[in-house]
There are 2 protein chains.
Amino acid sequence: MTKAAGRPPRSDAEILEFRTRVSEHAMSIYRAEGFEAVSMRRLSKRVGCAPTTLYAHFAGKTEILMLLWADVLSEMEAHVRDKIQDKTNTADSLAAATYAFVTYWRDHPDDFRLVFMSSNVGKTDVDSFIKAGNVDRGFAIFKDLLRAHDPGAVDADIDIRSETLVAGMIGVALCLNTISGYAWPSVSRMTDQLLAGIIAS
Amino acid sequence: MTKAAGRPPRSDAEILEFRTRVSEHAMSIYRAEGFEAVSMRRLSKRVGCAPTTLYAHFAGKTEILMLLWADVLSEMEAHVRDKIQDKTNTADSLAAATYAFVTYWRDHPDDFRLVFMSSNVGKTDVDSFIKAGNVDRGFAIFKDLLRAHDPGAVDADIDIRSETLVAGMIGVALCLNTISGYAWPSVSRMTDQLLAGIIAS
DNA sequence: GGTTTATTTGAAACGCGTAATGAAAAATTC
DNA sequence: GAATTTTTCATTACGCGTTTCAAATAAACC
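**Some remarks on the overall build of chain A**
Here is step 1: Broken down by element type, chain A carries 10 helices and zero strands.
Here is step 2: Its helices and strands taken in sequence order, chain A reads α-α-α-α-α-α-α-α-α-α from the N to the C terminus.
Here is step 3: Burial status across chain A gives 49% buried among its 201 residues.
Here is step 4: Of the contacts made within chain A by residues no fewer than 6 positions apart, 68% connect residues no fewer than 24 positions apart.
Here is step 5: Approximately 9600 Å² of chain A is accessible, and the part contributed by carbon and sulfur atoms is 51%.

**Brief notes about the packing of aromatic side chains**
All names here are of chain B.
Here is step 1: As enumerated under the stated definition, the model contains 16 aromatic pairs over all chains in all.
Here is step 2: Aromatic pair Phe101 and Phe142: ring centres 5.4 Å apart, planes at 85°, arrangement edge-to-face. In this pair, Phe101 is assigned in helix α5 (residues 90-107) and Phe142 in helix α8 (residues 140-149), connecting sequence segments 41 residues apart. Judged on exposure class, the residue Phe101 and its partner Phe142 are both buried.

**Brief notes about the environment of B:Trp184**
Here is step 1: Position of B:Trp184 among the secondary structure elements: in the loop between α9 (155-178) and α10 (187-200).
Here is step 2: Among all residues touching B:Trp184, those that are not within four sequence positions of it are A:Glu163, B:Cys175, B:Leu176, B:Ile179 and B:Met190.
Here is step 3: Here the side chain of B:Trp184 touches B:Cys175 through a polar contact of 3.4 Å, landing on its backbone oxygen.

**Some words on the confidence of the model for chain A**
Here is step 1: Averaged over all residues, the pLDDT of chain A equals 89, while 90% of them reach at least 70.
Here is step 2: When the criterion is pLDDT under 50, residues 121-125 of chain A qualifies, and its contacts beyond four places in sequence or with other chains add up to nine contacts.

**Structural notes on the packing of helix α10 (residues 187-200) of chain A against α9(B)**
Here is step 1: Following both chains from N to C, one finds α10(A) and α9(B) inclined at 75°, their axes separated by 9 Å at the closest point. For the element pair α10(A) / α9(B), the angle class is roughly perpendicular. Of α9(B), the residues touching α10(A) (which contributes A:Arg189, A:Met190, A:Gln193 and A:Leu194) are B:Ile160, B:Arg161, B:Glu163, B:Thr164 and B:Ala167.
Here is step 2: For the contact of α10(A) with α9(B), the residue count by class is four nonpolar, two polar and three charged.

**Quick notes on the pattern of salt bridges**
Residues and elements named next belong to chain A.
Here is step 1: Using the criterion set out here, one finds 26 salt bridges over all chains in the structure.
Here is step 2: The salt bridge involving Arg19 is made with Glu63; its shortest N-O contact spans 3.0 Å. You can see Arg19 sitting in helix α1 (residues 12-33) and its partner Glu63 sitting in helix α4 (residues 61-84), a full 44 residues away along the chain.
Here is step 3: Between Glu163 and Lys143 there is a salt bridge, with the nearest N and O atoms lying 3.5 Å from each other. You can see Glu163 sitting in helix α9 (residues 155-178) and its partner Lys143 sitting in helix α8 (residues 140-149), a full 20 residues away along the chain. Across the pair, Lys143 and Glu163 agree in class, each one buried.

**Re the packing of α10(A) against α10(B)**
Here is step 1: For the pair α10(A) and α10(B), interaxial distance at closest approach is 7 Å and the crossing angle is 105°. Taken together, the axes of α10(A) and α10(B) lie roughly perpendicular to each other. Seen from α10(A), the contacting residues are A:Gln193, A:Leu194, A:Ala196, A:Gly197 and A:Ile198; seen from α10(B), they are B:Gln193, B:Leu194, B:Ala196, B:Gly197 and B:Ile198.
Here is step 2: Among the residues making up the contact of α10(A) with α10(B), the classes are represented as six nonpolar, four polar and no charged.

What counts as what
- Within each chain, residues carry numbers counting from 1 in the order of the written sequence.
- By the order in which they are written, chains take letters starting at A while ligands take numbers starting at 1.
- Predicted model: local features are reported for residues with pLDDT of at least 70 only, side-chain atom pairs are reported and counted for 80 or more only, and whole-chain, interface and lining totals are derived from all residues.
- No hydrogens and no water enter the side-chain calculation; it runs on all heavy atoms of the structure.
- Labels follow the DSSP assignment, with helices taken as runs of H or I lasting at least four residues and strands as runs of E lasting at least two, numbered in each case from the N terminus.
- Relative accessibility decides the category of a residue: with a 1.4 Å probe and only protein chains considered, values under 20% of the type maximum give buried, values over 50% give exposed, and everything between is partly exposed.
- In what follows, residue pairs with any heavy atoms lying within 4.5 Å of each other are defined as contacts.
- Every accessible area reported is derived by Shrake-Rupley at a probe size of 1.4 Å, with residue values counting cover from the shown protein chains alone.
- Ring geometry is summarised as follows: Phe, Tyr and Trp rings, the Trp one being its six-membered ring, pair when their centres sit within 6.5 Å, and such pairs are stacked at plane angles under 30 degrees, edge-to-face over 60 and tilted between the two.
- Side-chain atoms alone can form a polar contact between residues adjacent in sequence; in general such a contact is a pair of N or O atoms within 3.5 Å, and within protein one must be able to donate a hydrogen while the other accepts it.
- Confidence scores per residue from the predictor, reported as pLDDT, run from 0 to 100.
- Angles shown run from 0 to 180 degrees and are taken between the N-to-C directions of axes, each axis being a line fitted to C-alpha atoms and, for helices, limited to the stretch in contact.
- Between 65 and 115 degrees an angle is taken as roughly perpendicular, under 35 as roughly parallel, over 145 as roughly antiparallel, and anywhere else as oblique.
- All residues other than Ala, Val, Leu, Ile, Met, Phe, Trp, Tyr, Cys, Pro, Asp, Glu, Lys and Arg, Gly among them, are scored as polar; the first ten of these are nonpolar and the last four charged.
- Salt bridges are defined as contacts in which a side-chain nitrogen from Lys or Arg sits within 4 Å of a carboxyl oxygen from Asp or Glu.

See below:
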């Protein structure tokens, strides 16, 4: 079997090693200095390559930032789980989880920006990430809590209710973050209001 | 009265004329070519000045984009009002308005991006705009519809419910726009679900 | 009219994300 | 070992938003 002349493509191991390195450096910069500090020039210096080399491995900056989503969503989920730990009934759990979710994003604006505002609306580079099931991470807990609260509900109903709740909470967090000068009602009032229709359904 | 030597400051009329010109050109570019086409270089060429001159008149690009919000919000409101025109009962009006609101933003991603995703989270340049009461434009209609549906409710309760509804709808629109590859429930399902708790409260 | 002064405007530059294209590297072929 | 080939990497450049600071402008003063 004669192979074609030419430089061989990167091996799977090389690809993984490079992506892992980029991801770790990106997260390191992000954790130390925040969202704005994660620039391609900065990141490439840390990785030890030219900025444009990153584009040979990733479709764009958005794809790199998506590598950071998993960590952030895990942290948010840990925060929510911590807040519901001492709750004994399902309604209290849901209320505490809802409140914890929104206040997490309010108190971590860089995280919010990373996950919800860096994907350039209209560009579907996020599709592969989503199809890998990553959207559920950090959000599935609400589906579980709702199922525990309403064990007899049909799966499709649980999906609609939990996904509407998540979208609604994201909207509240967006408003708190983006239009922070507005006198929004208190977070607990808004989250309780959101939850009212979800629980009563 | 001896005035100090030196070039006189711009008059109020000059200030207004320039800002109006910038606003009109920005809107013209936006309408013709979309969000991405509204760049400072492009805009300054159209206005007939250097890009940096824009910064002597506006705090930054965000402030210019905010000038466009009013038109977009008016259009969105007209769309919603059109959809509720033939509704005869308040619950149907609310359902139709909620659905129209979310689908408007879903179907106008550039408008969504302009209003909700161009203000650079964490930077409070939007405060002056907000304090001028502009956030209410396009959103007050939900307060009115809710008041009509529930005339006996306390004002503070109407505020919480309507503002939570608006935030929730924005969240749904954000998810549809940003995470468009995810299999969200249908818009009507989600808006009905959002509305369930708002109406029942 | 020339000088001084205060304000406005714009040239030059910076780092940003990214595209186009040439140089470098690593393999096979002869 | 030189030539060819294919892939990888990096240089150069572009338009982006924005800052710094010099040039230009328009007024009062002498």
